[in-house]
Number of protein chains: 2
Amino acid sequence: MADINSKLEIGVTTGPIRGSRKVHVGPLKVAMREIDLEPSSGEPPVRVYDTSGPYTDTDATIDIQAGLPPLRREWQLARGDVEEYAPREIKPEDNGQLGPDRSGGVPPFPTALRRPLRAKPGKNLSQMYYARQGIITPEMEYVAERENLGRAKLKEYRREGQDWGAAIPDYVTPEFVRDEVARGRAIIPSNVNHPEAEPMAIGRNFLVKINANIGNSAVASDVASEVDKMVWSIRWGADTVMDLSTGRNIHDTREWIIRNSPVPIGTVPIYQALEKVGGIAEDLTWEVFRDTLIEQAEQGVDYFTIHAGVRLPYVPLAAKRMTGIVSRGGSIMAKWCLAHHKESFLYEKFDEITEIMKAYDIAYSLGDGLRPGSIYDANDEAQFAELYTLGELTKRAWEQDVQVMIEGPGHVPMHKIKENMDKQLEACGEAPFYTLGPLVTDIAPGYDHITSGIGAAQIGWYGTAMLCYVTPKEHLGLPDRDDVKVGVVTYKLAAHAADLAKGHPAAQVRDDALSKARFEFRWRDQFNLSLDPDTAEQYHDQTLPAEGAKSAHFCSMCGPKFCSMKISQEVREFARLQNQSSDGFVAVEEAEKGMEEMSKVYEETGRELYMGAGDREHD
Amino acid sequence: MADINSKLEIGVTTGPIRGSRKVHVGPLKVAMREIDLEPSSGEPPVRVYDTSGPYTDTDATIDIQAGLPPLRREWQLARGDVEEYAPREIKPEDNGQLGPDRSGGVPPFPTALRRPLRAKPGKNLSQMYYARQGIITPEMEYVAERENLGRAKLKEYRREGQDWGAAIPDYVTPEFVRDEVARGRAIIPSNVNHPEAEPMAIGRNFLVKINANIGNSAVASDVASEVDKMVWSIRWGADTVMDLSTGRNIHDTREWIIRNSPVPIGTVPIYQALEKVGGIAEDLTWEVFRDTLIEQAEQGVDYFTIHAGVRLPYVPLAAKRMTGIVSRGGSIMAKWCLAHHKESFLYEKFDEITEIMKAYDIAYSLGDGLRPGSIYDANDEAQFAELYTLGELTKRAWEQDVQVMIEGPGHVPMHKIKENMDKQLEACGEAPFYTLGPLVTDIAPGYDHITSGIGAAQIGWYGTAMLCYVTPKEHLGLPDRDDVKVGVVTYKLAAHAADLAKGHPAAQVRDDALSKARFEFRWRDQFNLSLDPDTAEQYHDQTLPAEGAKSAHFCSMCGPKFCSMKISQEVREFARLQNQSSDGFVAVEEAEKGMEEMSKVYEETGRELYMGAGDREHD
C-alpha cells in the first residue's frame, strides 16, 4: 500500500493557446480568448468562446493541490438559501477498497475535508427554480455575456440559415437566458458544491456545446493523467467533461478532477454504485444508489446520467436486436430487472432522486440505456419506447423545477437522424438533447470520431444542444491524450458547422476572418484563427519550413509562379475599374469594355507579379 | 543531367489487405475482395467492392517497368472501330524542359513507344455512343457484375432509405447500365489507350465513388513516390485517381502512372499547357491546348477537367467575393480572358474539344472554376452562373454522344448543400455530380478531411456520384503517403454512409457483418471487416496487446467483469423463454412472468459469467 500522505505530482498543460490572449469581459469578468491579427490586416482582434479556464491565463497561478478559486461561492451565499453541514463520511468502498488494495491508492485531495453546501429545508437551489421565480441569477448574466460573443459584428452579416424551428435571438439578454431555463429549453449545470465552474448553458437556442469523456483505469498513477486529460480537453474546447471512472479510487480521483475543473462535471453514478457491490448488478439496492448520489452531490458533480427509462417491459424489446444493449448503465439496469423480475428502482424512486437533485442543483442527464449499438438497430421500438418514458420523467422533474437534458444515440444512418431529433423535441418538450455522435456507419473502427462527427454535425444542425465526443479509439480501446485532442477538435468543428447552418448570427465571424487571412496570405493569422493552431502550423512547415514562407504570397500547392489568389486580386482591380462588381450579371459588351481597360493596366503592372519567381512550382 | 537510361527503382505496396482474398467473379472475372470470418460465426465470407487491382492479388506478378496487362484490349479491337497510328512526337516542353533541366529528368516508361489507338474516321468510341446504339459493351457487363456485389443477400433486407429521387434498382443488369449511360446519368471513363483500367461507373444510381488526387513536385525521384501514392490510394479504396502534376517531367510521370493504374486516371490539361508556355497564362493558345489534349489522349487519360464554364462575363462576378477564384484552372482562364479581353477559348472551341474526346472515349469532367473558396462565397451568383453554363455544355457534349460529369464545390455550409445538388440535377440533366467535399466550415485547417467529409457524406446522400477527397494537409501543404491514406479512408466511409442513407440494397451487409462480429466478440472479424484493418487492430492492441484478447469476451472499455454485450445475450435467452421477442411491446405482467422464469435460469447459470474475472476493470 502506497503512502497516501505523499504529495501527488500532477502536471497539466498551461499557458495561452498559440496566438491568443485571455480577456475578461463585463462586470462579471467573463473569460474569453482574443486572437490578435497582423497589423497589415487592419482588422481588430477576433474574440472566441473559451472553455479553458485559468489554465490559459498568464495572470493566473495554477496550484493543482489547492484547486481553482470558487468563482460562484459569493453568488451562492448571497441567495441565503444554503446551509453548510457535516458531510457524509467517506467509506473504503467509495474508493473501491472492498478487499486488500492492490491499486497503490490515491492521496485524498488536500482540502477535501471542507464542509459541503445544500439547500436549507424546503428550499430549491435549481437555476430552473430561480428562473421560474423570475429571478435572473449571476449565472444567467454570465451565460448571456458569454453567448453574445461576436454578436457586436452582427450588423455586418446577412442572417441566414435553416434553424428547424429553433428561436435563436439576434442578441442574448439575461432575461432571454432566464426564460429559456424557466421553460426547460436550456440548462445551466451548476452544483452548489462546484463553485469553481464558469457558468455555461446547454440549449437549442445557444451555441452547440460538446462534452469530452475521461475516466480512470484503476491504477493510482492514473489520477494524474485523468486530471491532465481534463485540463487538456477543455484547452481544445470541451464545454463539459464526464468522469466515467470505474474500479478503484473513484471517489478521490473525482475530487481531484472537480476541484480543478472550470467546466461542469458529469458522472454516471450507477458505475460507482456497481463497484460498491463488487460489480454484481443484481446486488444493487436503492440504498446503495441513493448513498452514492449524496456522496457525489457533496463533491460537486453538476449533472448525473440516470438510466431511469430502462423499464421492465422494454427489456425484452432489446432481444430482437443485432447488438442488444450497448449502454453500460442501461445493461446494468436491464440485468437488475432481469434478476429480480421487478421494475427499475431508478424509475420507481425517480421523485426521491429529484428531491436530491434540487437540494444541490444537479441537472438530470436522462440516459438512453436502450440506444442502438449498430446501424441495424437504429430507431427501433426499444429506443423510442425509452425515449417516450424519458419525456414522461422530464415533466416529473420539471414539476419540482429540476433541470433536465436527454441523452440520445448512438448509431444512426443519415436518413434516420432527423426522426430522432423530431421525436425528442415532441416527447421531451424541447428539453436539451445530448447525443453521442451518432455514428452514420459501423464499418470504420479507428475512424469513429469521423463517422460520428458526420452524424453529430447533422443532429446539431437539427437542434441537438450538446454533442458527446467520440475518439478514434471508440470500440477499440481507451483514449490517450492525443485521442482526446482529436476527439475534441473534431466535435468542435462539427458543433461550429451546426451553428453556421442554424444561422447563428455570430458563428461566421471566425470563418470569415480565417478565410480573409487565407486570401491575403496572412499565414500566422490563418494558423491562430484555426481550432488547432499547433497542428496547422506544423503541417504547413512540413512542406515550407522557412520562416519567410509565413509571409510568402504563395503556398506549396501552386507555388509562387502561379497562384489563383493573386489572380483574384487582379480581377478585383478590374472590377473596380469597370465599376460593375455589385450589380450581378454583366452584359458581355460591358465586360469587354472593362476588360479592355484592365488589359492596359495589366500590361503595365501584371507581369511584374512573376518577377524572380524562379521555377519552384511545388516546393 | 541524370542518365535517363538508368532503370528507375519504384517500390509499391503489394499483397492482400489483411484478412481478405482476391476473387474473380463471372465470365469477365470481375475482381472483388472476400473477407473470411471465423468458423465460430457460421457466416459465409463477406464480399466487398475492390479497387486495388492486381497489386493485392497473390497470383499476380507485378512489374512496374512493364505495367499492368491490357485487360480491355481485346474488347476494343473486337469492336472494329479503332485504328493504330503513329503517335504525336514527344517534345522537350511536354516534360517542361524549356530551359536547362535542373530536375534530373525522369526515364521514359520502357514501353512508351507503343502505337496508340483512336477511332477510325467517322467513328465514335464513347461508351455513351454504344449505349445509344443499344449496344451492351463488356465494360457495361463488368460494371453490372461489380455493382451487384452483395445484392444476393438482398432478400434478408428490408429496403429503406431516402434517395431524393434517384432510381437505384434492386438488381443491376447490364441493360440497366447501358440505359443509365445512354441517358447520361452515368459514365464509364475508359480511354481506349488505357486498356489496363478495370471498368467502373460513376452515376447517381450506382455506389458512390471517391477520387484521390496525386501529383509530382518537379523533382525526378518523385515519379517513384507518385506511382507509389497511386497504388497506395487504390489499395484503400480510391475509385479514380487524378494526376495533378505540374512543373517538370509531367509527360513521363503520367506515363508511369497510367501504365500501372487499374483505375481511371483524370487530369487537368490546362496545367500542362500552362507549363508549355512558361507559366504565363495569357500566353496560352488554343493550339498549345489542343496539342496537349492529343498528347494526353494518346497516353490514355480517362477524363479531362475542362474549365469551359469560366466565361468572360462571369469573371467580374468573382470580384465581390471574399476569396475570389480559388480554382487553379479557373483562375488561369480568368486571367487569360482578362489579359486578352476575349471570351474563353475553351468555351469557344468546345465542340472541337468534343471531337477529340469521342475519338478516344475520354469523359468530360466540366470544371467548376468559379467554385466558392470560403463559407462566405458559397452559392453565389458567380458559382451558379457557371453551373448553368456547364449545363449548356453538357447538352452540347451529349449531342456528340460524349460522356460528361460536372465538378462541384468546395466550401458550403450545411444548409446550402442541398441547393447545390438540386440546381446541378436541374441544370445538367442528371449528369453525374463530382464534388470536392464540400467543407462545411473554414475554421479547422489541419482537419479539413473531416470538415469536408461531413459535407461529402451529405451531398453524396443527396445524389452526388463521386466525391473528390480532401486530405488533412488541405490549405497547408502537399499530402504525403499517410495523408493520402487518411483522406481515402475518410471519403470511403463518407461514401458508404451516403449509400446507406440512399437505401442502397446491399450497402448495409458490411455494417451488419461488422456489428454482429462486435456483438459476438469476434475481434479479428471486426478488424478485417473494417475499412482499415491495420489501424483498427493497432488501436486495440495499444490497450490489450495480449494475443488472447483477440478472442476475449470483453474489451478495454468495460473489462471482463462487466460487459453490456454479455447482458444482452442473457436478455435474448430471457426473451426466448417468454417467447415474446418479436411482438412489439410487452405487457408488464407478461414480462414479469417471463422474468420470473428467466430469473430461475439465471440463478443456475448467470453468475458463472463472472467466475475468475478478477478485478481487472479497465485494463
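Let us look at the structure shown here. (Residues numbered from 1 in each chain as written. Chains lettered and ligands numbered in written order. Predicted model: local features only at pLDDT ≥ 70, side-chain atom pairs only at ≥ 80, totals over all residues. Heavy atoms only, no water.)

Moving on, we get to the pairing of strand E14 (residues 433-436) of chain B. Residues and elements named next belong to chain B. Alternating positions in E14 separate into two faces, Phe-433 and Thr-435 on one and Tyr-434 and Leu-436 on the other, with burial throughout. In this sheet, E14 lies alongside strand E13 (residues 404-408) in parallel orientation, the contact comprising 3 bridges. Within E14, the residue paired with Glu-407 across the bridge is Tyr-434. Once the chain exits E13 it traverses helix H13 (residues 417-427) before rejoining the sheet at E14, and the crossover so formed is right-handed. Relative to strand E15 (residues 466-468), E14 is paired through 3 bridges, and the arrangement is parallel. In the strand pairing of E15, Tyr-434 is matched with Met-466. For the crossover that starts at E14, traverses helix H14 (residues 448-462) and ends in the parallel E15, the hand is right-handed. (Buried < 20%, exposed > 50% of the residue type's maximum accessible area, 1.4 Å probe, protein only. Helix = DSSP H or I, 4+ residues; strand = E, 2+ residues; numbered from the N terminus. Pairing = 2+ DSSP bridges. Right-handed = clockwise from strand over helix to strand, strands pointing away.)

Here the focus is the side chain of A:Asn124. All names here are of chain A. Positionally, Asn-124 belongs in the loop between strand E5 (117-119) and helix H2 (127-132). Among the residues examined, Asn-124 registers a relative accessible area of 6% and is labelled buried. At 2.8 Å, the side chain of Asn-124 and the backbone nitrogen of Ser-126 are in polar contact. Excluding its chain neighbours within four sequence positions, the residues that come into contact with Asn-124 are Asp-81, Ala-119, Tyr-129, Tyr-130, Lys-358, Gln-400 and Asp-401. (Polar contact = N/O pair within 3.5 Å; in protein donor to acceptor, adjacent residues only side chain to side chain. Contact = heavy atoms within 4.5 Å.)

In this section: the sheet that holds strand E3 (residues 46-48) of chain A. One key point about sheets: their strands pair by backbone hydrogen bonds, in either a parallel or an antiparallel sense. Residues and elements named next belong to chain A. Here 3 strands make up an open sheet; going across it, the order is E1-E2-E3 and the pairing antiparallel. For this open sheet the edge positions go to strand E1 (20-25) and E3, each flanked by a neighbour on one side alone. Pairwise comparison of adjacent strand axes, ignoring direction, gives a mean angle of 40° for this sheet. Relative to E3, strand E2 (residues 30-35) runs antiparallel, the two being bridged by 3 bridges. The residue bridging Ile-35 from the neighbouring strand is Val-46, located in E3. Packing of helix H3 (residues 138-147) onto the sheet brings it into contact with E1 and E2, and relative to E2 it is tilted by some 10°. (Axes fitted to C-alpha atoms, helices over the stretch in contact; angles between N-to-C directions.)

Note on placement: B:Ala363 falls in strand E12 (residues 363-366). Taking the C-alpha atoms as reference points, B:Ala363 and B:Gly203, separated by 160 residues in sequence, lie 13 Å from one another.

This part covers the packing of H14(B) against helix H15 (residues 481-502) of chain B. Residue and element names in this part refer to chain B. It is at 8 Å that the axes of H14 and H15 come closest, and there the two elements cross at 25°. Accordingly, the angle class assigned to the pair H14 and H15 is roughly parallel. Here the hand of the crossing between H14 and H15 comes out right-handed. Together, His-449, Ser-452, Gly-453, Ala-456, Ala-457, Gly-460 and Trp-461 of H14 and Val-486, Thr-490, Tyr-491, Ala-494, Ala-498, Ala-501 and Lys-502 of H15 make up the contact between the two elements. Grouping the constituent residues of the contact of H14 with H15 by class yields 8 nonpolar, 5 polar and 1 charged. (Parallel < 35°, antiparallel > 145°, perpendicular 65-115°, else oblique. Left-handed = near helix turned anticlockwise from the far one by under 90°. Nonpolar A, V, L, I, M, F, W, Y, C, P; charged D, E, K, R; others polar.)

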